[in-house]
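Breakdown of the fold
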Amino acid sequence: MEQTFAIIKPDAFAAGNAGKILARIYEEGFTVKGLKKLYLSKVEAEGFYYVHKSKPFFDELTEFMSSGPCIVMVLEAEGAIAQWRTLMGATDPEKAEEGTLRRQFGTYVGENATHGSDAPETAAFEIGYFFSGLELL
Ligand code: IDP
Ligand code: MG
């Protein structure tokens, strides 16, 4: 079993889509190992997205991620990292396939409803950034 880290981003949370996204997570067979609602500060969002620090969209991204509450989760499944990224779809909702979460709930590349880790090392960092071992029992 593999674990990945996921976020229901502030746009999806504010739009009332968290329940629908969670329902989809269960339908697709993930086990929700950890889940909490957070309202990130700008500094916390910057720490989470530090790999994108030099990108032109860094400020826009971290402003958005600290603009309202979100839900952070640890999801478990066989091949969870790839499976969750497939379920989310492409980063840009307009390019995401029909039936994916970003296509259904995203607005544009800057507000794309969900986050997912892209590799085992990033999943380990991202899970550890938000959850203690005790919260994942
Ligand atoms: P990912 O979320 O699909 O892994 P990344 O390239 O890691 O995509 O980018 C992280 C996040 O930064 C994206 O989910 C998106 O919200 C935002 N982002 C990426 N490219 C742009 C852009 O060109 N403009 C604004 N935001 C962007
Ligand atoms: Mg990424």
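Throughout what follows, the structure given in this document is the object of discussion. (Residues numbered from 1 in each chain as written. Chains lettered and ligands numbered in written order. Predicted model: local features only at pLDDT ≥ 70, side-chain atom pairs only at ≥ 80, totals over all residues. Heavy atoms only, no water.)

The next subject is the sheet that holds strand β2 (residues 31-38). One open sheet accounts for four strands, arranged β2-β3-β1-β4; its pairing is antiparallel. Either end of the sheet is taken by a strand with one partner, and the two such strands are β2 and β4 (114-116). The average angle at which neighbouring strand axes cross in this sheet is 20 degrees, direction not considered. Alignment of strand β1 (residues 2-8) against strand β3 (residues 70-77), held across seven bridges, turns out to be antiparallel. Paired with Gln3 across the strands is Glu76, a residue of β3. Sheet strands touched by helix α7 (residues 120-130): β1, β2, β3 and β4. Its angle to β1, the strand with the most contacts, is close to 60 degrees. (Pairing = 2+ DSSP bridges. Helix = DSSP H or I, 4+ residues; strand = E, 2+ residues; numbered from the N terminus. Axes fitted to C-alpha atoms, helices over the stretch in contact; angles between N-to-C directions. Contact = heavy atoms within 4.5 Å.)

Another point: the packing of aromatic side chains. Counted under the stated rule, the structure contains nine aromatic pairs. Taking 5.6 Å as the distance between ring centres and 45 degrees as the angle between the ring planes, the aromatic pair formed by Phe125 and Tyr129 counts as tilted. Pair noted here: Phe125 and Tyr129 are both in helix α7, with a separation of four residues, about one helical turn. The rings of Phe5, Phe48, Tyr49, Tyr50, Phe125, Tyr129 and Phe130 are connected pair by pair, giving a single aromatic cluster. (Phe/Tyr/Trp six-rings, centres within 6.5 Å; stacked < 30°, edge-to-face > 60°.)

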